[in-house]
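Notes for the structure review
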Amino acid sequence: MKFSESWLREWVNPAISSDELSHQITMAGLEVDAVEPVAGEFSGVLIGEVVECGPHPDADKLQVTKINLGPDFNDGELVDIVCGAKNCRLGLKVAVATVGAVLPGDFKIKKAKLRGVPSHGMLCSESEIGLAENSDGILELAQDAPIGLCVREYLDLDDVTIDVDLTANRGDCLGLKGLAREVGVLNSLTVTEPVINDVAAAITDELTITLSAEQACPSYLGRVIKNIDVTAQSPLWMVEKLRRCGIRSIDPVVDVTNYVLLEQGHPMHAFDLDKIEGGINVRFANKEEKLTLLDENEVTLSAETLVIADDNKALAMAGIFGGLASGVTSESKNIFLESAFFSPLAILGKARQYGLHTDASHRYERGVDPQLQLDAMNRATELLLEIVGGEAGPVTEAKSEENIPQEKQISLRRVKLDSRIGHHIGDEQVADILTRLGFTISFENDVWQVTVPAYRFDIKIEVDLIEEVARIFGYNNIPNVSPKATLSMCANKEANLSVSQLRNALVNRGYQEAITYSFVDPKVQAFLHPDQEVMTLPHPISSEMSVMRLSLWTGLLQSVAYNQNRQQNRLRLFETGLRFVPDESAENGVRQDNMLAGVITGQRNEEHWDMEKAATDFYDIKSDVEALLSLTADASAYEFSKAEVSALHPGQTAGIYRNGSLVGYVGTLHPELERKLGLNSKTLIFELLLSEILTAKIPEAAAISRFPSNRRDIAVVVKEEVDSKNVLQLIEKVGGNYLIDLNLFDVYRGESIEEGSKSLAIALILQDNDKTLEEKDITDVVNRVVDSLETQLNASLRD
């Protein structure tokens, strides 16, 4: 909303500058968007009177005038000025730019001759002194304008227009009345409102008013005014106030309704009385009812649109736009003046349905004062009678009291006020703030009982009152007090691993983290987990996202297919998240496990001239899993055992166990599933139960031996079905304290090895902390290992 600072200061005049006023309004929550001067910069423009006006001897469109600028200008000598404006005439009071005057744009006035006639100045139009963008003739001043006075002083042009961007909840400030109330509260000043008198009826004419939509329009006032002169000129003071608020002067009737809208914040409308057939009916539009608006556009009204109608037709869209057929024109003699309260919900959004946005709809959508209709009617009537004359009839009123918004009773507790603001504001100051805001209060036992006027639609609960007190007190006046809190160290077990450590390990090995939905396609999940019970969503987003995932593989494999379809062939993805397994023994019938899963496909290495091209295989992803398990510093507690999983390739699948408990799987995706899922290369996946790998073994310090280590290699032949893991475990078991490490470095099948057998080459590393091992000590360990292998695994030393 735009308003003139000088107009605001007629209501309340704080002793602060324009900039300070703008800042104060902004800090109160009414953000100022712009502050602009109401006129261009000019000087040397005085009020003059045209005392002679005649045609130019050599130009049909020019007139030669003599202008009286008063006794103080050149000792009262008349000034000759040539003018081309059609409205220049004898006796007119005009704005005269004298020789030496400077107009906007640094345009300087000099003596000149126009077609041989001297001209010592210029008669100015509104556009030439920055009052308007364009104008049809010279500026006509009031007949009582004092001759010789500076035009800038007379029109109070050392003024600014302030543009306030109000939030949707502050409809009470969409008028000078509401804004002045706010400024008065902020500066603890009394607001001087214009006196509004009841206008006595001079005639008895009136129209019957029917409220067919009482909830949408619970209050409607109307008044007949006859024998008006619409051709009368709106007074310059009114035109200027409208202009400074961004509204163009149209005719006296429209100007007055706009003036009351800006001053009181209450929209009004005037109908041509002679075009109304019967009485007034406030109703909803009939189906497919049409109305031609004042802008000459015809609209088809919806049944939810409230209209003002007579006995035969719709006259206007209530609270939005008037109709052309009932509009006031220059021929109108009798009018019907409307002042109504429309429910915000009845108007909300209706204007936008028709591509409209008007000053009236802007205010009614946010809520106007439901008690202001009579004051607005009397204010408009008084101004109209003063400007256009005529006789006013009585005010006709139709009301539905039960549907009119009422005052609200809200309790404000002192303890709540202090705790929310974090600062104590004195009782007297709180009472003064609430009272100046228009609230009625009583105070007892540290509780204010506050009666909130109906026009404050934004005040509904206690915290709204707290906000009002804090806003008016000034947020900047609330001292900054840093919060105090006692911090204590949380207990944290050294053995706990964080998920971020696992993430970082995978990222360092070339993986990228993925995040997929917990609800997945039931068909894809059935490929991976056939015949397994699932949790089905009662109201899924779509049929492709209708079940909860049983593992993270479903989303990751779909992500692989998505990326491969976009020429991304080398992929390494991982994800952490929950799986949802139906389990009657679990809470709510579903067990939620935190999982870590990964998938790799494509080449082992990025394309590089110094690296061979090789596809990823089981051992690549197994090494990634081992890298994760090594973070626990207890890798020996984990073992990989041959397993069978329906989704994975037989013979290329391993179960991962920790101290005998299953913690996950790793393996190659089954070729048939690769085909069904649309994957175009060998895909390897793993999944681990996070709860089983987030506990690490705490390292224990041990002395480093000062004595040399010894290595002995043995090659043993065992049956093909004997796992090398079992061989290594047995060696660890019988090796004793001297055995500090062992390594399987070769597996051989072929010549000199019996069919159905294999040769395992194993390195034994022996060392003692207290002495250098002698050959006898080493031989004893090796013999013990070989004997145990022969006895328990039927192994033999290779020749």
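Whatever comes next refers back to the structure up there.
Residues numbered from 1 in each chain as written. Predicted model: local features only at pLDDT ≥ 70, side-chain atom pairs only at ≥ 80, totals over all residues. Heavy atoms only, no water.

So, the overall build of the protein chain
Assigned secondary structure in the protein chain consists of 20 helices and 39 strands. Rg of the C-alpha trace for the protein chain: 46 Å, well past the compact-globule value of 28 Å for 799 residues, more than 25% over. Taken along its principal axes, the extent of the C-alpha atoms in the protein chain is 140 × 65 × 60 Å. Counting the 799 residues in the protein chain, one finds 49% classified as buried. Considering only contacts within the protein chain whose residues lie at least 6 apart along the sequence, 70% involve residues at least 24 apart. Total accessible area computed for the protein chain in this model is approximately 40,700 Å², and 47% of it derives from carbon and sulfur atoms. Distance from the positive charge centre (75 side chains) to the negative charge centre (122 side chains) of the protein chain: 4 Å. (Helix = DSSP H or I, 4+ residues; strand = E, 2+ residues; numbered from the N terminus. Rg over C-alpha atoms; globule rule 2.2 N^0.38 Å. Buried < 20%, exposed > 50% of the residue type's maximum accessible area, 1.4 Å probe, protein only. Contact = heavy atoms within 4.5 Å. Areas by Shrake-Rupley, 256 points an atom, 1.4 Å probe, with all protein chains shown as cover. Lys, Arg positive; Asp, Glu negative; His and termini not counted. Charge placed at Lys NZ, Arg CZ, Asp CG, Glu CD.)

What about the pattern of salt bridges?
Inspection of the entire model under this criterion finds 49 salt bridges. Asp 172 is the partner of Arg 170 in a salt bridge, and the nearest nitrogen-oxygen pair spans 2.9 Å. For the pair Arg 170 and Asp 172, a shared accessibility class is recorded, and that class is buried. For Arg 456, the salt bridge identified is with Asp 458, shortest N-O distance 2.8 Å. Taken individually, Arg 456 and Asp 458 each receive the classification buried, so the pair is uniform in this respect. Each of Arg 170, Asp 172, Glu 182, Arg 456, Asp 458, Glu 468 and Arg 471 takes part in a single network of salt bridges with overlapping partners. (Salt bridge = Lys/Arg side-chain N within 4 Å of Asp/Glu carboxyl O.)

Section: the sheet that holds strand E22 (residues 335-341)
The strand order across the open sheet built from four strands is E15-E22-E14-E23, with neighbouring strands paired in antiparallel fashion. In the strand order of this sheet, the two ends are held by strand E15 (269-272) and strand E23 (391-399), each with one partner. For this sheet, the mean angle separating the axes of adjacent strands, direction not counted, is 20°. Here strand E14 (residues 219-226) pairs with E22 via seven bridges, running antiparallel. When the bridges of E22 are listed, Val 224 appears paired with Phe 336. (Pairing = 2+ DSSP bridges. Axes fitted to C-alpha atoms, helices over the stretch in contact; angles between N-to-C directions.)

Observations regarding the sheet that holds strand E24 (residues 408-413)
Across a sheet, strands are paired by hydrogen bonds formed along the backbone, either parallel or antiparallel in direction. The strand order E24-E26-E25 describes an open sheet built from three strands, whose pairing is antiparallel. In the strand order of this sheet, the two ends are held by E24 and strand E25 (440-444), each with one partner. Across the sheet, the axes of successive neighbouring strands diverge by a mean angle of 20°, strand direction being ignored. Bridging between E24 and strand E26 (residues 447-452) involves six bridges; their strand directions are antiparallel.

Some words on the packing of aromatic side chains
Under the defined criterion, the tally for this structure stands at seven aromatic pairs. Relative to Tyr 259, the ring of Trp 7 lies with its centre 5.0 Å away and its plane at 20°, an arrangement referred to as stacked. Here the residue Trp 7 occupies a position in helix H1 (residues 5-11), and Tyr 259 occupies one in helix H6 (residues 252-264), the gap between them amounting to 252 residues. Like Tyr 259, Trp 7 is buried. Here the aromatic cluster, defined as three or more aromatic residues joined through ring pairs, consists of Trp 7, Trp 237 and Tyr 259. (Phe/Tyr/Trp six-rings, centres within 6.5 Å; stacked < 30°, edge-to-face > 60°.)

Thoughts on the environment of Asn 794
With respect to the helices and strands, Asn 794 occurs in the loop between helix H20 (775-793) and strand E39 (796-797). Measuring from C-alpha to C-alpha, the distance between Asn 794 and Pro 235 comes to 120 Å, with 559 residues separating the pair along the chain. Apart from the residues lying within four places of it in its own chain, the contact partners of Asn 794 are Val 717 and Leu 789.

Structural notes on the nonpolar core
Membership of the largest hydrophobic core comes to 49 residues, with the highest contact counts inside it found for Phe 3 and Leu 8. In terms of residue count, the dominant contributor to this core is helix H10 (residues 373-388) (seven residues). Apart from the residues within four sequence positions on either side, Leu 8 is in contact with Phe 3, Leu 21, Leu 176, Leu 179, Ala 180 and Val 183. Of all hydrophobic cores here, the second largest spans 43 residues; its members include Ile 203, Leu 293, Ile 308 and Ala 316. (Core = buried A, V, L, I, M, F, W, Y, C linked by side-chain atoms within 4.5 Å.)

What to know about the packing of helix H5 (residues 236-244) against H6
Contact geometry for H5 and H6: axes closest at 10 Å, N-to-C directions at 55°. Overall, the two elements H5 and H6 adopt an arrangement that is oblique. Regarding H5 and H6, the two cross each other, and that crossing is left-handed. Between H5, through Trp 237, Met 238, Lys 241 and Leu 242, and H6, the contact on the second element is made entirely by Asp 255, Val 256, Asn 258, Tyr 259 and Leu 262. Residue classes in the contact of H5 with H6 are distributed as six nonpolar, one polar and two charged. (Parallel < 35°, antiparallel > 145°, perpendicular 65-115°, else oblique. Left-handed = near helix turned anticlockwise from the far one by under 90°. Nonpolar A, V, L, I, M, F, W, Y, C, P; charged D, E, K, R; others polar.)

Quick word on the pairing of strand E35 (residues 683-689)
Across the seven residues that make up E35, a large majority, seven, are buried. Two elements, strand E31 (residues 590-601) and E35, share seven bridges in a ladder whose sense is antiparallel. By the bridge assignment for E35, Ile 600 is matched with Leu 684. Where strand E34 (residues 661-669) and E35 come together, five bridges link them in antiparallel fashion. Across the sheet, the residue bridging to Tyr 665 is Glu 687, located in E35.

Some details on unusual backbone geometry
Located in the positive-phi region is Arg 115, a residue other than glycine, with phi close to 55°. Mapped onto the elements of the fold, Arg 115 is located in the loop between strand E8 (112-114) and strand E9 (117-119). Even without glycine at this site, Glu 288 takes up a positive phi of about 60°. Along the chain, the position of Glu 288 falls in the loop between strand E16 (280-284) and strand E17 (290-292). By relative accessible area, which is 53% here, Glu 288 ends up exposed.

Details of the state of the cysteines
In protein structure, a disulfide is the covalent linkage between the sulfur atoms of two cysteines. Taken as a whole and judged by the stated rule, the model has zero disulfides. Cys 88 forms no disulfide, and the closest cysteine sulfur to it belongs to Cys 53, at a distance of 4.1 Å. For Cys 88, a relative accessible area of 5% translates into the label buried. (Disulfide = S-S within 2.5 Å.)

Observations concerning helix H9 (residues 359-366)
Residues of H9 that are buried: Ala 360, Ser 361, Arg 363, Tyr 364 and Glu 365. At its buried positions, H9 is contacted by H6, E22, helix H7 (344-347) and helix H8 (350-353). Of the residues trailing H9, Gly 367 is marked for its positive phi of about 100°.

A word on the side chain of Thr 632
Within the fold, Thr 632 resides in the loop between helix H17 (618-630) and strand E32 (638-642). On the basis of relative accessibility, which here comes to 1%, the residue Thr 632 falls in the buried class. With residues near it in sequence (within four places) discarded, Thr 632 still touches Leu 497, Tyr 638, Ile 693, Thr 695, Ala 696 and Lys 697.

Some details on the pairing of E25
Of the pairings in the sheet, the one linking E25 to E26 comprises five bridges and is antiparallel in character. From the neighbouring strand, Phe 443 faces E26, where its bridge partner is Trp 448. Counting the residues that bridge the hairpin from E25 to E26 gives two residues, and of these Asn 445 lies at a positive phi of roughly 55°.

Comments concerning helix H13 (residues 462-473)
Look at H13: 17 Å from first C-alpha to last across twelve residues, which is about the 16 Å you get at 1.5 Å a residue. Along H13, the residues classified as buried are Glu 462, Asp 464, Leu 465, Ile 466, Glu 468, Val 469, Ala 470, Arg 471, Ile 472 and Phe 473. Where the residues of H13 are buried, they touch helix H4 (176-186), E24, helix H11 (414-421), helix H12 (427-436) and E26. One or two positions beyond H13, positive phi appears at Gly 474, with a value near 105°. (Expected span 1.5 Å × (residues − 1).)

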